Amino acid sequence: DGFLRVWGEENTSFDLTMPSRACAYSPDGRMLAVGFGKPLKDTAKTVNGKWVIVDVNGSTYRVIAERRDSRRFIREMKWYCGGDRLAVGSDKVYIYELISETNPAIKVDISLLSTIDTTSPSIHFDFSRDGKYLRVNTEANELMWFESDPAIRISEASLMKDIEWESNTCVFD
């Protein structure tokens, strides 16, 4: 229905005006990244590939950043625990560096660090604890590893066996 609803001490609703499929809280819980789109675009209001960062710190929510690098709907979003990187997955995986000049953020500057080109759309990914690597699952049931900046594919699985991961959302491991 195009609304972001957060339940907690205060039940809050925020009109996003279009459907979303993926969202992720920043590590400090002050921001929420929301990715938009649908597999089949049915109205002009739907903008596939667009994503925003919403300031959720307080009773009123507001968009503090937005970006669109893909024309396909957003499937997955994941923050690095340092809060300075965000991975956004659609047909490719885009890794962004985020810079906020104030705390809490009034505005966030976004820079594209790298683009990971996969053979099929990404469905899950995890950052390594140090943020240097990203493992990616695709719709084709693949597990791939990449350096997060620059996006260089690591084809030898043995190089990744001792890497510690921040999360374990990749199901093909």
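Our subject is the structure that appears above.
Residues numbered from 1 in each chain as written. Predicted model: local features only at pLDDT ≥ 70, side-chain atom pairs only at ≥ 80, totals over all residues. Heavy atoms only, no water.

Q: Would you mind showing me how to read the environment of Lys-78 here?
A: As for its position among the elements, Lys-78 is in strand E7 (residues 76–79). For Lys-78, a relative accessible area of 13% gives the class buried. When the C-alpha positions of Lys-78 and Ala-22 are compared, they lie 9.5 Å apart, and in sequence the two are 56 residues distant. In this structure Lys-78 touches Ala-24, Arg-85, Leu-86, Ala-87, Phe-125, Asp-126, Phe-127, Ser-167 and Thr-169, once residues within four positions along its chain are discounted. A polar side-chain atom of Lys-78 sits 3.0 Å from the main-chain carbonyl oxygen of Phe-125. (Helix = DSSP H or I, 4+ residues; strand = E, 2+ residues; numbered from the N terminus. Buried < 20%, exposed > 50% of the residue type's maximum accessible area, 1.4 Å probe, protein only. Contact = heavy atoms within 4.5 Å. Polar contact = N/O pair within 3.5 Å; in protein donor to acceptor, adjacent residues only side chain to side chain.)

Q: I would appreciate a short explanation of the nonpolar core in the present structure.
A: Inside soluble globular proteins, nonpolar side chains tend to come together where they are buried. One finds Trp-51, Ile-53, Met-77, Trp-79, Leu-86, Leu-98 and Val-108 to be the most contacted residues of the largest nonpolar core, which totals 18 residues. Elements with a minimum of two residues in this core: strand E3 (20–25), strand E4 (31–36), strand E5 (50–55), strand E6 (62–68), E7, strand E8 (85–89), strand E9 (93–100) and strand E10 (108–116). For this core, the leading source of residues is E9, giving three residues. If we ignore the near neighbours within four places in the chain, the residues touching Leu-86 are Ala-33, Trp-51, Met-77, Lys-78, Trp-79, Tyr-94, Ile-95, Tyr-96 and Leu-98. Counting twelve residues, the second-largest nonpolar core is a separate cluster that includes Phe-14, Leu-32, Val-52 and Tyr-61. (Core = buried A, V, L, I, M, F, W, Y, C linked by side-chain atoms within 4.5 Å.)

Q: Teacher, can you tell me more about the side chain of Ser-122 here?
A: As for its placement among the helices and strands, Ser-122 is situated in strand E11 (residues 122–127). Apart from the residues lying within four places of it in its own chain, the contact partners of Ser-122 are Arg-75, Gly-89, Ser-90, Lys-92, Val-93, Val-136, Asn-137 and Thr-138.

Q: What's the story with the sheet that holds strand E14 (residues 153–154) in this structure? I'm lost.
A: As a general point, the strands of a sheet are linked pairwise by backbone hydrogen bonds and lie either parallel or antiparallel. The four strands lie next to each other as E11-E12-E13-E14, forming an open sheet whose pairing is antiparallel. The sheet is open, and its two edges are formed by E11 and E14, each paired on a single side. Examined bridge by bridge, strand E13 (residues 143–147) and E14 share two bridges and lie antiparallel to one another. Residue pairing in the sheet places Trp-145 in a bridge with Ile-154 of E14. (Pairing = 2+ DSSP bridges.)

Q: I'm lost on the pattern of salt bridges in this one. Help?
A: Opposite charge on two side chains allows them to pair when their charged atoms are near. Counting across every chain of the model gives eight salt bridges. Lys-78 serves as the salt-bridge partner of Asp-126, at 3.3 Å between the closest nitrogen and oxygen. Of this pair, Asp-126 sits in strand E11 while Lys-78 sits in strand E7, and the two are 48 residues apart along the sequence. One exposure class covers both Asp-126 and Lys-78, and it is buried. Residue Glu-164 is joined to Arg-129 by a salt bridge in which the shortest nitrogen-to-oxygen separation is 3.3 Å. Linking Glu-164 in the segment after E14 with Arg-129 in the loop between E11 and strand E12 (133–138), this pair joins segments that are 35 residues apart in sequence. Residue Glu-164 is classed as exposed on the basis of its relative accessible area, which comes to 54%. Each of Lys-78, Asp-126 and Arg-135 takes part in salt bridges that share partners, so that together they form one network. (Salt bridge = Lys/Arg side-chain N within 4 Å of Asp/Glu carboxyl O.)

Q: What's the story with the packing of aromatic side chains in this structure? I'm lost.
A: Each aromatic ring pair is characterised by the separation of its centres together with the angle its planes make. Within the structure shown, the criterion is met by four aromatic pairs. Judged by centre distance (6.3 Å) and plane angle (55°), the rings of Phe-14 and Tyr-61 are tilted. Here Tyr-61 lies in the loop between E5 and E6 and Phe-14 lies in strand E2 (residues 12–15), a separation of 47 residues in the sequence. We classify Phe-14 as buried; its relative accessible area is 16%. Judged by relative accessible area, Tyr-61 falls into the buried class, the value being 13%. Between Tyr-94 and Tyr-96, the ring centres sit 6.4 Å apart and the planes meet at 25°, which makes this aromatic pair stacked. Of the residues examined, Tyr-94 reaches a relative accessible area of 8% and is grouped as buried. Classification of Tyr-96 as buried rests on a relative accessible area of 1%. (Phe/Tyr/Trp six-rings, centres within 6.5 Å; stacked < 30°, edge-to-face > 60°.)

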